[in-house]
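Topology and contacts: notes
Read off the chains here:
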Amino acid sequence: MAQKPSIPKGTRDFNPIEVAKRNYIFDTIKAQFQHFGFQPIETPSFENSDTLMGKYGDEGDRLIFKILNSGDYLSKVDNKYYLDKDSNKLTPYISEKALRYDLTVPFARYVVQHQNEIDFPFKRYQMQPVWRADRPQKGRFREFYQCDADVVGSQSLWQEVEFVQLYDAVFSALKLEGVTIKINNRKILSGIAEVIGAQDKLIDFTVALDKLDKIGEEKVKEEMLSKGISKEGIEKLQPLFELQGDFSEQIVALKAILSVSEEGKRGIEELEFINTAISELKLQTANLQLDVTLARGLNYYTGAIFEVSAPEGVKMGSIGGGGRYDDLTGIFGLKDVSGVGISFGLDRIYLVLEELNLFPETISESIKVLCINFGEAEALTCLKAIKALRAHGINAELYPDAAKMKKQMNYANKRAVPYVVLVGESEMSSNTFTLKNMANGEQQQLSLEDLITTLQ
RNA sequence: GUGGUUGUAGCUCAGUUGGUUAGAGCGCCUGAUUGUGGUUCAGGAGGUCGUCGGUUCGAGACCGAUCUUCCACCCCA
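I will try to describe carefully the structure that is included in this document.

About the cut-offs
Residues numbered from 1 in each chain as written. Chains lettered and ligands numbered in written order. Predicted model: local features only at pLDDT ≥ 70, side-chain atom pairs only at ≥ 80, totals over all residues. Heavy atoms only, no water. Axes fitted to C-alpha atoms, helices over the stretch in contact; angles between N-to-C directions. Helix = DSSP H or I, 4+ residues; strand = E, 2+ residues; numbered from the N terminus. Parallel < 35°, antiparallel > 145°, perpendicular 65-115°, else oblique. Left-handed = near helix turned anticlockwise from the far one by under 90°. Contact = heavy atoms within 4.5 Å. Pairing = 2+ DSSP bridges. Near = heavy atom within 4 Å. Polar contact = N/O pair within 3.5 Å; in protein donor to acceptor, adjacent residues only side chain to side chain. Nonpolar A, V, L, I, M, F, W, Y, C, P; charged D, E, K, R; others polar.

**Some words on the packing of helix H16 (residues 376-391) against helix H19 (residues 448-455)**
In the contact formed by H16 and H19, the axes pass within 10 Å of each other and the chain directions differ by 40 degrees. Taken together, H16 and H19 sit at an angle that is classed as oblique. Like other packed secondary-structure pairs, H16 and H19 cross with a definite hand, here right-handed. Contacts from Ala385, Ala388 and Leu389 in H16 reach Leu448, Leu451, Ile452 and Leu455 in H19.

**Notes on the sheet that holds strand S12 (residues 369-371)**
Taken in spatial order, the 5 strands make up an open sheet running S13-S12-S14-S15-S16, and their pairing is mixed. Since the sheet does not close on itself, it has two edges, and those belong to strand S13 (396-398) and strand S16 (443-446), each with one partner. Mean inter-strand twist for the sheet, computed between neighbouring axes without regard to direction, equals 25 degrees. Where strand S15 (residues 433-437) lies against S16, 4 bridges are found, and the strand directions are antiparallel. Counterpart to phenylalanine 433 in the pairing with S16 is leucine 446. Where H16 meets the sheet, it contacts S12, S13 and S15, and its direction lies at approximately 165 degrees from that of S13. Contacting S12, S13, strand S14 (419-422) and S15, helix H17 (residues 405-414) crosses the sheet at an angle of about 165 degrees to S12.

**Digging into the protein's contact with RNA strand B**
Around RNA strand B there are 43 residues in total, and Lys138, Arg140, Arg296, Ser318 and Lys404 lie nearest to it. Those atoms of RNA strand B that come within 4 Å of the protein belong to sugar or phosphate at a rate of 45%. The separation between a phosphate oxygen of RNA strand B and a polar side-chain atom of lysine 211 is 2.9 Å. When contributions to the surface near RNA strand B are tallied by element, the ones reaching two or more residues are helix H3 (57-63), strand S6 (143-152), H17 and helix H18 (425-430). It is H17 that provides the largest number of residues to the surface near RNA strand B, a total of 6 residues. Residue composition of the surface near RNA strand B, grouped by class: 11 nonpolar, 14 polar and 18 charged.

Quick look at the structure:
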């Protein structure tokens, strides 16, 4: 019985052209990571459930793919949990492993586990797939790649400055101009929460504030009210909703709002430091923008928060994010190690580059020259030439069958091969090669040496 | 996890209130053209109508379930 094969929801196959394009992004990011001094590590695709569970909030726990235990896993479960049919309670007894949800928590685990072998500050990069049991949408997959760069063991704000430059370097190298690097600081958010008397509701407060540009001021206030934030507190937020101007103008306004909060003032200082450094160093193509409503992402951020949005006009969620987390390794028992890092969403960057037509043309070129097959003797001559070409770093291949000329030329066309070599009777007798340029149809007869130099 | 949406040839899509043998464009294959591709012309192949079940004399169309796509929540790269 032949049944239609399929792949799970939210996953994809990649054809050769797509892989070539993905590798282009991959290689570009990797090159910049290396320029900035990051070193690669890799971690397993699945971790022990305890490593991941509880690190991303309740919502995160729900989105983690759990792996069923091997063997007769149900027989070991206490009837108490089995008969209750409570999935959340039963899960720990039938699943001890889970697929990686992001690269940051596994990295924290790695740092703690290998702390004695690591030279701090440790700068690592990691480019691996992560999995989320999310409902797919455009730019949202259940399996996708993250490209992370993090530094642990340094509290210096120069790291934040470096990461802003790294974002700029990567997107400039990808020719993706005009991305906006939004920056905020957790200390400012908690400072504001303090000012309005909602310290204990920081998460609810930030989640609501984050929706400002999406649902508007009124709805945000409604949500805050429904989460138990006092009316008087929300009124104190008014200057925040009216915040405008460039980076330094917003800083001035924030200083007024946060004058009574020590923590808030520290957040402002940090932002000012980064902004001053960046204006001195300059960015190539990206814009750095202060966005006090930026609260996205994980609750473990303690200082800077980053998010990158695609150039204006491209409808896509964030293509990168990151921030500083002072105590990430603390949950694994290693105190006082500060970390800061950023992430690139490879799959979303792909969609943006595709939409803006920014992939280089030569990207899908697999071979430079195809040799037409006229028969056994000619094929052998071709393979000798191909061997020499390959030795000179030129990708070359022989059409395997002495098929009709039209068929072989058609094949070259579809593979987008820029050159074709013809070796038939006359070339055999004169010991030459006919090189045809597929773009303009021009042909020339060359010796092997000239063939090599022409194609190099 | 909640609500909605989509599925017909390799691709993009038609298909009337349920009625013979399900169509088009592009692509593909063959020939015109046995050492020259893209253009042109002629011919040809290709469909369990996502899947399973139901209603009906009769279902691509109606109903249910399920899978998938996209969208809005939630959350996020």
